[in-house]
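# Reading the structure
For reference, the chains in residue letters:
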Amino acid sequence: MRTAFDVASPRQAHEAVNHLFQQVIKPHTRSGAAGRVIFETVNTHLRHELRKMFHGPILTDFSQQVRLPDPVTGKLVRYSPRAWKLHLKDLFCPAQFDAAGKELEKSTEALSDDEFSEFILAVQAYGVVDCGVVFTEKDA
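What you see is a predicted model, and the numbers here were worked out from it, not measured in a lab.

### Quick look at the environment of I38
For I38, the position within the fold is in the loop between helix 1 (10–30) and helix 2 (44–65). Taking relative accessible area as the criterion, I38 reaches 59% and is therefore assigned exposed.

Structural data, given as structure tokens:
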């Protein structure tokens, strides 16, 4: 089970922790279950920049540089950034589950900033090692 709250003030944080304890932690620990409580800081600028990098130069470089055999014709073809996004999400985005344990559709938007950074690192390593991508660098 995963419960998340976005908080921007001490009052919101207090209300979230109170709710979490009363509604989630207390009932679960009474029944003998164990769990983990994590607090992550959120940097909206970093979040925006990471996603901009993935949806911009990373997917563009994959789309422009990688040619794979078409499953029907066998000819080498280029795939769109959208196709690469779906493929890379399937390869490297961790599985996500709802409260009942049912697996959800993978989503990069559901990843924390740290998880998304790891996702991008895995994507870039795959691009360089397995696909021969030479990533372009943005001029300073």
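Once the structure has been displayed, the description carries forward.
### Looking at the packing of helix 3 (residues 81–92) against helix 4 (residues 113–131)
If you want to describe how two helices pack, look at the angle between their axes and the distance between the axes. The contact between helix 3 and helix 4 brings their axes to 10 Å, and the two run at 110°. Classified by the interaxial angle, the pair formed by helix 3 and helix 4 is roughly perpendicular. Contacts from W84, H87, L88, K89, L91 and F92 of helix 3 reach helix 4 at F119, A122, V123 and Y126. Per-class residue counts for the contact of helix 3 with helix 4 are 8 nonpolar, 1 polar and 1 charged.

### A closer look at the packing of helix 2 against helix 3
Here helix 2 crosses helix 3 at 100°, and the two axes come no closer than 9 Å. As the angle between them shows, helix 2 and helix 3 are arranged roughly perpendicular. Contacts between helix 2 and helix 3 involve F54, H55, L59, F62 and S63 from the first element and P81, W84, K85 and L88 from the second.

### Regarding the side chain of R51
Within the secondary structure, R51 sits in helix 2. Every residue in contact with R51, bar those within four places of it in the chain, is listed here: T108, E109, L111, D113 and F116.

### Notes on the nonpolar core
Ranked by size, the top nonpolar core spans 17 residues in total, and within it F54, F62, L88 and F119 carry the most contacts. Elements represented by at least two residues in this core include exactly helix 2, helix 3 and helix 4. Discounting chain neighbours no more than four positions away, the residues touching F119 are F54, L88, K89, F92, C93, T108 and L111.

### So, the packing of aromatic side chains
The tally for this structure, following the rule as stated, stands at 7 aromatic pairs. An aromatic cluster of three or more residues is present, and its members are F62, W84, F92, Y126 and F135. One residue, R51, lies across the ring of F116, its end atom 4.0 Å from the ring centre.

The rules behind each value
- Residues numbered from 1 in each chain as written.
- Predicted model: local features only at pLDDT ≥ 70, side-chain atom pairs only at ≥ 80, totals over all residues.
- Heavy atoms only, no water.
- Helix = DSSP H or I, 4+ residues; strand = E, 2+ residues; numbered from the N terminus.
- Buried < 20%, exposed > 50% of the residue type's maximum accessible area, 1.4 Å probe, protein only.
- Axes fitted to C-alpha atoms, helices over the stretch in contact; angles between N-to-C directions.
- Parallel < 35°, antiparallel > 145°, perpendicular 65-115°, else oblique.
- Contact = heavy atoms within 4.5 Å.
- Nonpolar A, V, L, I, M, F, W, Y, C, P; charged D, E, K, R; others polar.
- Core = buried A, V, L, I, M, F, W, Y, C linked by side-chain atoms within 4.5 Å.
- Phe/Tyr/Trp six-rings, centres within 6.5 Å; stacked < 30°, edge-to-face > 60°.
- Lys NZ or Arg CZ within 6 Å of the ring centre and 35° of its normal.

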